[in-house]
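Observations on chain architecture
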Amino acid sequence: MKNRKEHKEKTKWFAVLFLAVISFILAFMTQQLVFNFIAIGLAILVYKYGNLVLFKEYDERRRQKYQEAMQIRSAAQIAIKSKKIFKK
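What this report covers is the structure whose coordinates are included nearby.

**Regarding the overall build of the chain**
Tallying secondary structure elements over the chain gives three helices and zero strands in all. Computed over C-alpha atoms, the radius of gyration of the chain comes to 22 Å, more than 25% over the 12 Å expected from 2.2 N^0.38 for 88 residues, which places it beyond the range of a compact globule. Projected onto the principal axes, the alpha-carbon positions of the chain cover approximately 70 × 40 × 15 Å. For the chain, the proportion of contacts with a sequence separation of at least 24, taken over those separated by at least 6, is 53%. Summing over all exposed atoms, the chain offers an accessible surface of approximately 8200 Å²; the carbon and sulfur share of this is 66%. Charge centroids of the chain, computed over 18 positive and 6 negative side chains, lie 9 Å from each other.

Encoded structure:
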């Protein structure tokens, strides 16, 4: 049940994102400001409310990579400060 609801939400936000892209392309081709405002409005909606639904897996992978990089960085800083890296 939960998976179906998540799939429905993801489909809804992909549709809104698709409409924003189509509106941007129409604005670019026709030079109509109305389509620009529609694209901007839809993009803001997707950014504020749909980002967590659409890019949940990507954000989690990025967060894990960032945490691993910070652990490596702190270990490197400790090694450099203790100067054990330069001694034989």
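**A closer look at the layout of surface pockets**
Gaps between atoms show up when a probe of the same size as a water molecule is rolled over them. Taken as a whole, the largest pocket encloses approximately 200 Å³ of empty space. Those elements that place two or more of their residues in the lining of the largest pocket are α1 (2-30), α2 (33-54) and α3 (56-82). In terms of residue class, the lining of the largest pocket is made up of two nonpolar, two polar and six charged.

**Considering a nonpolar patch on the surface**
Taken together, the side chains of Phe18, Val21, Ile22, Phe24, Ile25, Leu26, Phe28 and Met29 present a nonpolar region at the surface, about 810 Å² in accessible area. Inspection of the secondary structure assignment puts Ile25 in helix α1. On the basis of relative accessibility, which here comes to 39%, the residue Ile25 falls in the partly exposed class.

**Regarding the packing of α2 against α3**
Where α2 contacts α3, the two axes come as close as 5 Å, and the packing angle between them is 75°. Between α2 and α3, the angle is such that the two are roughly perpendicular. Along the contact surface, α2 presents Asn51, Leu52, Val53 and Leu54, while α3 presents Lys56, Glu57 and Asp59. Grouping the amino acids of the contact of α2 with α3 by side-chain chemistry returns three nonpolar, one polar and three charged.

**Thoughts on the pattern of salt bridges**
According to the stated counting rule, one finds four salt bridges in the structure shown. Between Lys56 and Glu6 there is a salt bridge; the shortest N-O distance is 3.9 Å. Taken together, the residues Lys56 in helix α3 and Glu6 in helix α1 connect sequence positions 50 residues apart. You can call Lys56 partly exposed: its relative accessible area is 45%. Look at Glu6 and you get partly exposed, because its relative accessible area is 34%. Taking the shortest distance from any N to any O, the salt bridge between Glu60 and Arg63 comes out at 2.8 Å. A residue pair is termed a helical-turn pair when its members lie 3 or 4 positions apart in one helix, as Glu60 and Arg63 do in helix α3 at three residues. When its relative accessible area of 44% is taken as the criterion, Arg63 is described as partly exposed.

**What to know about unusual backbone geometry**
Unlike most non-glycine residues, Gln31 shows phi in positive territory, near 60°. Within the secondary structure, Gln31 sits in the loop between α1 and α2.

How each quantity is defined
Residues numbered from 1 in each chain as written. Predicted model: local features only at pLDDT ≥ 70, side-chain atom pairs only at ≥ 80, totals over all residues. Heavy atoms only, no water. Helix = DSSP H or I, 4+ residues; strand = E, 2+ residues; numbered from the N terminus. Rg over C-alpha atoms; globule rule 2.2 N^0.38 Å. Contact = heavy atoms within 4.5 Å. Areas by Shrake-Rupley, 256 points an atom, 1.4 Å probe, with all protein chains shown as cover. Lys, Arg positive; Asp, Glu negative; His and termini not counted. Charge placed at Lys NZ, Arg CZ, Asp CG, Glu CD. 1 Å grid on protein atoms, 1.4 Å probe; cavity = no way out; pocket = protein on both sides within 12 Å on 5 of 7 lines; lining within 4 Å. Points joined across faces, edges and corners; volume = space filled by probe spheres on them. Nonpolar A, V, L, I, M, F, W, Y, C, P; charged D, E, K, R; others polar. Patch = residues over 30% accessible without salt bridge, like charges linked within 9 Å, V, L, I, M, F, W, Y side chains within 5 Å. Salt bridge = Lys/Arg side-chain N within 4 Å of Asp/Glu carboxyl O. Buried < 20%, exposed > 50% of the residue type's maximum accessible area, 1.4 Å probe, protein only. Axes fitted to C-alpha atoms, helices over the stretch in contact; angles between N-to-C directions. Parallel < 35°, antiparallel > 145°, perpendicular 65-115°, else oblique.

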